[in-house]
Amino acid sequence: MISSQRMAAVDANAAALGVSSARLMESAGSALAREVLAVSDPGDTVALLCGRGNNGGDAFVAARHLTDRDVVVHLLGRPTAIHTTVARENWDVLEASEIPTNVVTDSADFAVGSPDVVVDALLGTGADGAPREPVRTAVERIDDWRASAGANGTVVAVDVPTGIDADTGDPTGDADGVAVDADRIVTFHDEKPGLASLDATVTVASIGIPAAATRCTGPGTLLGLGRDPDSHKGDNGAVLVVGGGPYAGAPTLTARAALRAGADLAHVACPSEVADTVQAFSQNLIVHPLSGSTLDSAHTSQLTSLATGVDAVVIGPGLGDAPATAEAVATFLAEYDRRVVVDADALRAIPDVDTDAEVICTPHQGELREMGGETAADPVERARLVQAFAAELGHTLLVKGRQDVIAGVPAEPGHDGSVVTRRNRTGNPGMTVGGTGDVLAGVVGALTTRTTPFVAAAAGAYVNGLAGDAAAEANGHGLVATDLIDRLPQALYDE
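This structure is a prediction, so every number in the text was calculated from the model and none was measured.

Enquirer: Summarise the overall build of the chain; cite the residues concerned and give the values.
Expert: Across its full length, the chain carries 16 helices and 16 strands. Principal-axis analysis of the C-alpha atoms places the extent of the chain at approximately 85 × 45 × 40 Å. Looking at the 495 residues of the chain, the share that counts as buried comes to 54%. For the chain, restricting intrachain contacts to residue pairs at least 6 apart in sequence, the fraction spanning at least 24 positions comes to 70%.

Set out below in C-alpha cells:
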C-alpha cells in the first residue's frame, strides 16, 4: 500500500527520472478506459464527470479510448481554469476530436442524465476537506442517479471516490460528509490504505512508474518540508549539537549546517577549552561550555537539561574516542527520550545502549562494521544488509557511501511497521573530504525537527548530496565541507 503523501513523492521522483506527467496521464487514462470497457457493452452510454485537476485529465484521456461507447465528458468549471498544463492539453484534444463535452458553470442546472456508467473523476487523492461547489452538487447528482438506476448502473471512481480520504477510507468532511459511493475504483501504482474499507472492487493499475522512483530518493522526498508562512521564531526547530573537544571544527560545521537546512536555532554544547573557538566561527551559534577538555559523565545532567529546550539533538561530531566520553554518550542516550542524530565517535555507544529516543545513526561503512553491521559493494545487497541491521537495532540508519542507504520505518498510513530502505544517488567523490559527514548530521538534525526520522534521513542524504554536487561543479575535487553549507538552502528549497 502507499499513502497519498508518499504517492505524490513517487510522482515527483518519476518526473525527475524523465517520466513525464503526460506519459503517466496517458497510461492512467488507458487503464481507466479498460475498466469502463469491462463493465459496459458496445453502444452503452458513459458519463465522465471531471474536475479541473489531473484526476479529470485521466478521464479526458479515457474518453478517447472509449470509441465504441456513447461518451459525454462533463467538466465542472471552465476550461481556462483547468489546473495543470497536461490536463488542459488533453481537454484540447477532446475538443479537437469532437468528442462530446459539456462545460458545467452552474451546478444547479447539472444533471447526470441516464447513462449506463458514470465515471467519478472529480477529485483525487490530494483533495482536502469536504467537497465544495460545484463538486458537491455533482456528487449529489451521482447519488440521485444511482438511486434511480439501481443495479443497472455502475460508478467507476478514478484513484479514490470523491469525498473519501484515500488514507483512511473516511469522508473528507464530517462523519456524514458527501461522498461518491463507487462500485469500482481504478487506483494507480499501488493501493491506497483507505480503499480496503470501502464496498467496492479495487483495481490497481501499473502506469509505468519506474522502480527507482520508489526505491531511491528524489525531489519528492522534499515535499512538505517548506516553512509555514505564519510561523514565528522557534517554530522551525531548535537543534542542540553535542560535540567537540579534540576537534572544534566538526560541531561548528554541524551547527551551521542545521541553520542553513532551516532550523531556527542552533546550540552547541562543547568542552570549555574549545568553546571560544567554536563561537568564533559564527556569531549565529549559541554556545554552551562544558567544563574541561573532553565530554565525560560529569556533564550528562547539564546535557539533559539543555536537551529539554530543543527539538532534536545531534551528538558525536568532534567528540573523540576517550572511554569517559563514550560512557557519557551512553548515559545521555539512556536518559533521553526524544529525537537524536548519532554520528561519528558517539556511534560506538549504540549497539549496547537501551534508549527510548528516536535515533538516527549516520555511520560510514567502516563505522557500520564497528557497530556490528555488514556491508557489500553491490548497492542492492548493501541495502538488504543495512535493512536487516536497522531492524535488529530498532533505529533509523543512514549509511554513507557511493550510494547512501537509508533504512527505517516510514510513519505512513497503511504501512505495516516493517523496515524499508531508500538509496540516495546524489553526491560525488569530492565529498570524501573531511567534514561533509558533519554537515550531513546537521542537515538531518534540522530536518528531524519537522518531519519523521526516516524522511529526515532520506531527505538529508539527498540534500547534502545535491549541495555537494553543486560545490563540485564550482570547485571540482578541491571542494571543502564549508562549500556545502551555503548551498544547502538552494538544494533544499529550489530543487
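Enquirer: A description of the pattern of salt bridges should follow, citing residues and the corresponding values.
Expert: Overall, the coordinates contain 13 salt bridges when judged by the stated rule. The salt bridge partner of R184 is E35, with a shortest N-O separation of 2.9 Å. Pair noted here: R184 is in strand β6 (residues 184-188) and E35 is in helix α2 (residues 21-38), with a separation of 149 residues, a long-range link. The buried category is assigned to E35, whose relative accessible area is 8%. The shortest N-O distance in the salt bridge between E140 and R136 comes to 3.8 Å. Remark: R136 and E140 occur in helix α5 (residues 135-149); sequence separation between them is four residues, near one turn of the helix.

Enquirer: Which residues make up the sheet that holds strand β9 (residues 265-271), and what values do they have?
Expert: Reading across the sheet, the nine strands line up as β10-β9-β8-β11-β12-β13-β14-β15-β16 and stay open at both edges, with mixed pairing between neighbours. Both edges of this open sheet fall to β10 (286-290) and β16 (420-424), since each of them pairs with a single strand only. Averaged over all neighbouring strand pairs, the angle between strand axes comes to 15°, with direction disregarded. By the bridge criterion, five bridges tie strand β8 (residues 238-242) to β9 in an arrangement that is parallel. Bridge pairing links V239 to A266 in β9.

Enquirer: How would you summarise the packing of α2 against helix α4 (residues 85-96) if you had to cite specific residues and measurements?
Expert: Two elements in contact, α2 and α4, have axes whose closest approach is 9 Å; the angle formed by their N-to-C orientations is 55°. The orientation of α2 relative to α4 falls into the category oblique. The chirality of how α2 crosses α4 is right-handed. Within the contact between the two elements, α2 uses S21, A22, M25 and E26 and α4 uses V86, A87 and N90.

Enquirer: An account of the side chain of K400 is requested, with residue identities and associated values reported.
Expert: Looking at the element boundaries, K400 is found in the loop between β14 (396-399) and β15 (404-408). From its side chain, K400 meets the backbone oxygen of T362 in a polar contact 3.1 Å long. With sequence-adjacent residues up to four places away left out, K400 is seen in contact with D343, T362, P363, H364, Q365, G437 and L440.

Enquirer: An account of helix α10 (residues 323-335) is needed here, citing residue identities and associated values.
Expert: For α10, built from 13 residues, the straight-helix expectation of 18 Å at 1.5 Å per residue is met to within 8% by its first-to-last C-alpha distance of 19 Å. When we look at burial in α10, the residues that qualify are T325, A328, V329, F332 and L333. For α10, the angular spread of buried residues about the axis comes to 130°, placing them on one side.

Enquirer: I'd love a proper account of the nonpolar core, names of residues and values included.
Expert: Core analysis: the largest hydrophobic core is formed by 52 residues, its most contacted members being V439 and V443. Mapped by element, the contributors of at least two residues to this core are β8, α7 (249-260), β9, α8 (272-281), α13 (436-447), α14 (453-475), α15 (481-485) and α16 (488-493). When residues in this core are grouped by element, the largest group, 12 residues, is from α14. When residues no more than four places from it in sequence are discounted, the contact partners of V439 are L253, A257, N464, A481, L484, I485 and L488.

Enquirer: Lay out the environment of T162 with the relevant residues and their values.
Expert: Turning to its location among the elements, T162 is positioned in the loop between β5 (154-158) and β6. Overall, the relative accessible area of 0% leaves T162 in the buried class. Here T162 is in contact with D120, L122, L123, P131, V135, V139, V178, A179 and V180, once residues within four sequence places are set aside. A distance of 2.6 Å separates the side chain of T162 from the side chain of D120, its partner in a polar contact. Within the local environment of T162, its side chain forms a polar contact with the backbone nitrogen of L123, the two atoms lying 3.2 Å apart.

Enquirer: Got a sec to walk through the packing of aromatic side chains? Specific residues and values, please.
Expert: Summed over the entire model, instances satisfying the criterion amount to two aromatic pairs. For the ring pair F332 and Y336, a centre distance of 5.1 Å and an interplane angle of 20° mean the geometry is stacked. The residues F332 and Y336 share a single accessibility class, namely buried.

Enquirer: Talk me through the pairing of β9; I want residue IDs and the actual numbers.
Expert: Of all the seven residues making up β9, six are buried; the element is thus mostly covered by neighbouring parts of the structure. The parallel pair β8 and β9 is bridged by α7, and the resulting crossover is right-handed. Strand direction decides the pairing type here: β9 and β10, joined by five bridges, are parallel. Looking across to β10, one finds that C270 is bridged to P289.

About the criteria used
- Residues numbered from 1 in each chain as written.
- Predicted model: local features only at pLDDT ≥ 70, side-chain atom pairs only at ≥ 80, totals over all residues.
- Heavy atoms only, no water.
- Helix = DSSP H or I, 4+ residues; strand = E, 2+ residues; numbered from the N terminus.
- Buried < 20%, exposed > 50% of the residue type's maximum accessible area, 1.4 Å probe, protein only.
- Contact = heavy atoms within 4.5 Å.
- Salt bridge = Lys/Arg side-chain N within 4 Å of Asp/Glu carboxyl O.
- Pairing = 2+ DSSP bridges.
- Axes fitted to C-alpha atoms, helices over the stretch in contact; angles between N-to-C directions.
- Parallel < 35°, antiparallel > 145°, perpendicular 65-115°, else oblique.
- Left-handed = near helix turned anticlockwise from the far one by under 90°.
- Polar contact = N/O pair within 3.5 Å; in protein donor to acceptor, adjacent residues only side chain to side chain.
- Expected span 1.5 Å × (residues − 1).
- Arc of directions from axis to C-beta.
- Core = buried A, V, L, I, M, F, W, Y, C linked by side-chain atoms within 4.5 Å.
- Phe/Tyr/Trp six-rings, centres within 6.5 Å; stacked < 30°, edge-to-face > 60°.
- Right-handed = clockwise from strand over helix to strand, strands pointing away.

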